[in-house]
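A look at the structure
Listed below are the residues making up each chain.
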Amino acid sequence: MDSLPFSQSCENNKAPILEVLREDFADRRQVLEIASGTGQHACHFAANMPWLTWQPTELADSLPVLRPRCVAYDGDNLLTPTALDVRDDPWPVAVPDALFSANSLHIMAWSAVEILFATLGVNAGNDVILAVYGPFNYDGQYTSDSNARFDAWLGQRDPVSAIRDFERVDELAAAAGFALQGDNALPANNRLLVWRKGI
Ligand SMILES: C[S@@+](CC[C@H](N)C(=O)[O-])C[C@H]1O[C@@H](n2cnc3c(N)ncnc32)[C@H](O)[C@@H]1O
């Protein structure tokens, strides 16, 4: 297990995220995860919410990072990792009744964030829950000095990356038919935003 791709932040945040998802995904059947990274979230959430079928996805180039942990998963509710770039048209996977993504909106370009929500506006059916974890700004302000430093680091690493404004993301969600149902403060100045479409 030690040789599997590993993210310390995933290890730290998976328990507090699970606490929220357990409630919000209690009546869901299948989750499409966007930008699954090392697969630590996929494996942990699939193992701890056995009523769900979990579909991990990543950019095609990053599937070699995601696959090993998924292959080692001991259970039958984790689907084979699939390539998904949110800019794909059409998406190679159907949109089920729940979606999850962690730490992705501040990595991908804003144009990709717009495409993600526009695609959900078209492809998500009635009664779909979307849960997004990560840092967000509110009223144009960082929520902590550490987020301000993180944003500066992100911008130097790749100019398309940036901590997103909650209000702008919520506008995209609303235009796609998703209403905010929860804004959960999690450790390390991160949020777990939960939207619901329909019902
Ligand atoms: C910081 S990592 C987060 C990985 C994992 N979710 C986590 O919390 O550790 C950001 C991920 O976003 C993915 N990503 C970037 N652009 C993307 C896009 N256009 N579509 C889908 N995934 C994308 C990257 O491949 C990367 O794995």
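Our subject in this report is the structure included herewith.

What counts and how
Residues numbered from 1 in each chain as written. Predicted model: local features only at pLDDT ≥ 70, side-chain atom pairs only at ≥ 80, totals over all residues. Helix = DSSP H or I, 4+ residues; strand = E, 2+ residues; numbered from the N terminus. Expected span 1.5 Å × (residues − 1). Bend = angle between axes of the 7 residues up to and from the residue. Buried ≥ 20, exposed ≤ 12 C-beta atoms within 10 Å, placed from the backbone. Contact = placed C-beta atoms within 7 Å. Near = placed C-beta within 6 Å. Nonpolar A, V, L, I, M, F, W, Y, C, P; charged D, E, K, R; others polar. Pairing = 2+ DSSP bridges. Right-handed = clockwise from strand over helix to strand, strands pointing away.

Right, let's talk about helix H1 (residues 8–24) for a bit. In a regular helix each residue adds 1.5 Å, so 17 residues correspond to 24 Å; H1 covers 25 Å between its end C-alpha atoms and thus fits that length. The largest bend along H1 reaches roughly 40° and is located at Lys-14, with the proline Pro-16 sitting one to four residues downstream. What H1 keeps buried is the set Cys-10, Asn-13, Lys-14, Ile-17 and Leu-21. At its buried positions, H1 is contacted by helix H2 (40–48), strand S5 (128–134), strand S8 (178–186) and strand S9 (190–197).

Turning our attention to the site of the ligand. Near the ligand there are 19 residues, and of these Ala-35, Gly-37, Ala-102, Asn-103 and Met-108 occur at the shortest range. Residue classes in the shell around the ligand are distributed as ten nonpolar, six polar and three charged.

Bringing unusual backbone geometry into the picture now. Cis geometry marks the peptide bond from Asp-89 to Pro-90, where omega comes out at 0°. Examined against the element boundaries, Pro-90 turns out to sit in the loop between strand S3 (82–83) and strand S4 (98–102). Here Asn-103, not a glycine, exhibits a phi torsion of approximately 55°, which is positive. Position of Asn-103 among the secondary structure elements: in the loop between S4 and helix H4 (110–123). For Asp-139, which is not glycine, the phi dihedral falls at a positive 50°. Assignment of secondary structure puts Asp-139 in the loop between strand S6 (136–137) and helix H5 (145–157).

Strand S1 (residues 30–34) sits mainly inside the fold: four of its five residues count as buried. Both S1 and strand S2 (residues 53–58) contribute to a ladder of four bridges, which runs parallel. Note on S2: the bridge partner recorded for Glu-33 is Pro-56. In this fold, S1 hands off to H2, which returns the chain to S2; that crossover is right-handed. As defined by bridge partners, S1 adjoins S4 across four bridges and the pair is classed as parallel. Paired with Leu-32 across the two strands is Leu-99, which belongs to S4.

So far we have only geometry, and geometry alone does not tell us how the molecule works.
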